[in-house]
There are 2 protein chains.
Amino acid sequence: MTTATEPARRGRPGYDRDSMLEVVVEAFNERGYDATSLGVLAERLGLSKSAIYHHFASKEQMLEVALGKALDALEAVFDAPEATSGPVVDRIRHVIRGAVLVLCEHRAFVTLLLRLRGNTPIELEALRRRREIDRKLRAMFEQSRAEGTLRPDIDPRVAERLTFGMVNSIVEWYRPDGPITPQQLADSVLELVRTGLREPSSL
Amino acid sequence: MTTATEPARRGRPGYDRDSMLEVVVEAFNERGYDATSLGVLAERLGLSKSAIYHHFASKEQMLEVALGKALDALEAVFDAPEATSGPVVDRIRHVIRGAVLVLCEHRAFVTLLLRLRGNTPIELEALRRRREIDRKLRAMFEQSRAEGTLRPDIDPRVAERLTFGMVNSIVEWYRPDGPITPQQLADSVLELVRTGLREPSSL
C-alpha cells in the first residue's frame with residue numbers, strides 16, 4: 001500500500017502475494033530479470049521496498065515462486081492419470097491440451113520460464129524441471145512411433161520440439177480478453193497437429 | 001584484420017562482408033542489439049573499429065542488411081509461382097516448407113528478426129514486412145477454409161499463428177551440423193500439420 005510519504009507513486013494498493021507477483025513477472029518479462037531492480041519493481045507496484053519485503057524475502061524468491069507456479073501447473077498435467085495411463089495417443093492429446101490451458105492461465109509465469117537463460121541455481125533447477133517435462137512428451141512420441149500411431153518418418157524428438165514450439169508460441173500473442181477461449185485454442189492446436197498422429201482407428 | 005598494435009585480440013582475419021555479418025548478428029542475438037556496442041563487435045571480430053567501418057557505415061546498417069537478408073529470403077518464398085498460383089493447399093505447403101528452409105539456412109538472421117522489439121525506423125520497417133508475410137499466410141488459410149480444405153472450426157488467424165509458432169521455434173534448437181537436414185525438418189513439419197488441412201482428395 002502507498003503511504004502518506006509517497007503520494008506521487010502510481011500503483012494499485014492492497015495487493016495480495018499472487019497479484020503482486022503478476023505485476024513483478026510482467027516487469028521481468030519486459031525488461032529481463034537481471035535488468036529489473038527492486039527500485040523498478042517498487043515503482044511499478046506503487047509500493048515501498050520495505051512493503052515488498054513484507055511479501056518476498058528477495059528478488060530471487062519472487063523468481064523462484066513464479067517459476068514454481070508455471071512448473072507445478074505443467075507437471076500436474078503430465079502427472080495426471082490421463083497422461084500416465086491409457087492409449088498413448090490419448091495421453092499425448094491430454095498433455096497438449098493441458099499445456100495450452102496452463103499457458104493461457106499462467107501466461108506471464110510461463111513466459112518467464114520460456115525466456116530463462118541464466119545460470120543461478122534457481123534458474124538451473126527450473127530448466128532441469130522444464131527438460132524433464134520435454135522428456136516426458138518425447139517418451140510418449142517414442143512409444144507412439146513404436147506402436148505405429150506416430151508416422152515412422154518423424155523423429156520423436158523433432159515431434160516433441162515442434163509440438164512444444166507451436167504450444168509455447170501461444171504466450172507471444174494470446175490475450176485472455178480476446179475472442180478465443182483457452183479451450184478453443186487447445187482444440188485448434190489438436191486439430192492442427194492431431195492427424196500427424198494417425199488415430200488408432202485409421203490403422 | 002588484426003594489426004600489430006592489437007596483438008591480444010582473438011579473431012578470424014579476412015572476413016568478407018557476409019561472414020562478418022554472421023558474427024555480428026550472433027552477438028546481437030546473444031546480447032540484444034541495443035546492448036551490443038561497436039567495441040564489443042570489434043572484440044568479437046578481432047578487428048579495429050575502423051576496419052569494421054570499412055565494411056559497414058554504422059551498427060544500424062548492419063542491422064538493416066541482416067534483417068534484409070532474412071526478409072528477402074522469406075518474401076521470395078511467398079512471391080514464388082508455387083505460392084501464388086495453384087491449389088491453395090499446395091501453396092500453403094510450399095510456403096511452410098520454404099519458410100523452414102529459410103530458417104535453417106539463415107538461422108542467425110531470422111532469429112534477429114524474430115526477436116525485434118525496438119522502435120527505430122529500421123526495426124519498424126522490418127516488422128511491417130514481417131506482418132505482411134504473416135498476412136499472406138493468413139489469407140491462404142482463409143481461402144482454404146472458404147473452399148473447405150481447412151477445418152471450419154479453425155480460425156485462419158489462429159492457424160497462421162500456430163503454424164508460424166511451430167516453424168519459428170526451429171531457430172531455438174536447430175543445428176546445421178546435427179543429424180537432421182533442413183529438408184527432413186520441413187517434411188516433419190508438413191507431416192505434423194498437413195492433415196489439420198484436409199487434402200482435397202479426402203473431401
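Residues numbered from 1 in each chain as written. Chains lettered and ligands numbered in written order. Predicted model: local features only at pLDDT ≥ 70, side-chain atom pairs only at ≥ 80, totals over all residues. Heavy atoms only, no water.

Turning to the relation of the copies chain B and chain A, a few remarks are in order. With an RMSD of 0.0 Å, the operation that places chain B on chain A is a rotation of 180 degrees combined with a shift of 0.0 Å along the axis. Interpreted geometrically, this transformation is the action of a two-fold axis. Minimal C-alpha distance to the rotation axis in chain B is attained by Met166(B), lying at 2.0 Å. A shared interface surface links the copies, since 100% of the contact residues of chain B are contact residues in chain A too. (Least-squares fit on C-alpha atoms with pLDDT ≥ 70 in both. Contact = heavy atoms within 4.5 Å.)

Turning our eyes to something else, we now look at helix H8 (residues 121-147) of chain A. All names here are of chain A. A rise of 1.5 Å per residue sets the reference length of H8, with its 27 residues, at 39 Å; its end C-alpha atoms lie 39 Å apart and thus fit the reference within 8%. Inspection of H8 places Glu123, Ala126, Leu127, Arg129, Ile133, Asp134, Leu137, Arg138, Met140, Phe141 and Ser144 among the buried residues, and these make up the whole buried set. On its buried face, H8 is in contact with helix H4 (59-79), helix H5 (81-84), helix H6 (88-105), helix H7 (107-114) and helix H9 (156-168). Directly beyond the C-terminal end of H8, a positive phi value near 95 degrees is found at glycine 148. (Helix = DSSP H or I, 4+ residues; strand = E, 2+ residues; numbered from the N terminus. Expected span 1.5 Å × (residues − 1). Buried < 20%, exposed > 50% of the residue type's maximum accessible area, 1.4 Å probe, protein only.)

Okay, the UniProt feature "DNA-binding region" (unreviewed entry) in chain A next. As annotated by UniProt and renumbered to match this structure, "DNA-binding region" (unreviewed entry) occupies residues 37-56 of chain A. Segment residues 37-56 of chain A splits into 75% helix and 0% strand. End C-alpha atoms: 14 Å apart. (UniProt positions renumbered as here; feature names shortened; annotations may be inferred.)

As a further point, take the side chain of Asn168(A). All names here are of chain A. If you trace the backbone, asparagine 168 turns up in helix H9. Using a relative accessible area of 14% as the deciding quantity, one classes asparagine 168 as buried. The contacts of asparagine 168, once residues within four sequence positions are left out, are Leu103, Leu114 and Arg130.

Interface size is commonly expressed as the accessible surface area that is lost when the partners come together. At the interface, 27 residues of chain B touch 28 residues of chain A. Roughly 2,400 Å² is buried in total at the junction of chain B and chain A, and carbon and sulfur atoms are behind 64% of that figure. It is Leu162(B), Trp173(B) and Leu192(B) in chain B that bury the most area against chain A; as a group they hold 28% of the surface buried on that side. Put simply, chain B and chain A have two salt bridges between them. With a closest N to O distance of 2.8 Å, Glu191(B) and Arg151(A) form a salt bridge. Of all the elements in the fold, those that place two or more residues in the side of chain B that touches chain A are helix H1 (17-31), helix H9 (156-168) and helix H10 (182-194) of chain B. A breakdown of the residues in the side of chain B that touches chain A according to their chemical character gives twelve nonpolar, six polar and nine charged. (Buried area = accessible area lost by both parts, 1.4 Å probe. Salt bridge = Lys/Arg side-chain N within 4 Å of Asp/Glu carboxyl O. Nonpolar A, V, L, I, M, F, W, Y, C, P; charged D, E, K, R; others polar.)

Here the focus is the nonpolar core. Ile170(A) and Ile170(B) are the most contacted members of the largest nonpolar core, which has 136 residues in total. Once residues within four sequence positions are removed from consideration, Ile170(B) is found in contact with Leu162(A), Val100(B), Leu103(B), Cys104(B), Leu185(B) and Val189(B). (Core = buried A, V, L, I, M, F, W, Y, C linked by side-chain atoms within 4.5 Å.)

All names here are of chain A. Looking at the secondary structure, you find leucine 74 in helix H4. Look at leucine 74 and you get buried, because its relative accessible area is 8%. In the structure, leucine 74 is positioned 24 residues away from glycine 98 in sequence and 7.7 Å away in space, judged by C-alpha atoms. Not counting the four nearest positions on each side in its chain, leucine 74 is found in contact with Ala99, Val102, Leu113 and Ile133.

Before going further, it helps to examine the packing of helix H4 (residues 59-79) of chain B against helix H6 (residues 88-105) of chain B. Residue and element names in this part refer to chain B. Contact geometry for H4 and H6: axes closest at 9 Å, N-to-C directions at 160 degrees. As judged from the angle between their axes, H4 and H6 are roughly antiparallel. In this structure, the crossing between H4 and H6 has a hand that is right-handed. Facing H4, whose interface residues are Ala70, Ala73, Leu74, Val77 and Phe78, H6 presents His94, Val95, Gly98, Ala99 and Val102. For the contact of H4 with H6, the class distribution of residues is eight nonpolar, two polar and no charged. (Axes fitted to C-alpha atoms, helices over the stretch in contact; angles between N-to-C directions. Parallel < 35°, antiparallel > 145°, perpendicular 65-115°, else oblique. Left-handed = near helix turned anticlockwise from the far one by under 90°.)

Before going further, it helps to spend a moment on the packing of H6(B) against helix H8 (residues 121-147) of chain B. Residue and element names in this part refer to chain B. The N-to-C vectors of H6 and H8 enclose an angle of 150 degrees; their axes lie 9 Å apart at closest approach. Classified by the angle between their axes, H6 and H8 sit roughly antiparallel to one another. Judged by the sense of rotation from one axis to the other, the crossing of H6 with H8 is left-handed. Residues Val88, Val89, Arg91, Ile92 and Val95 of H6 form the contact with H8, whose own contacting residues are Leu137, Met140, Phe141, Gln143, Ser144 and Glu147. Its residues placed into classes, the contact of H6 with H8 shows seven nonpolar, two polar and two charged.

Residues and elements named next belong to chain B. The buried count for helix H7 (residues 107-114) comes to six of eight residues, which makes it a mostly enclosed element. Here H7 has its buried residues at Ala108, Phe109, Val110, Thr111, Leu112 and Leu113. Lining the buried residues of H7 we find H1, H4, H6 and H8.

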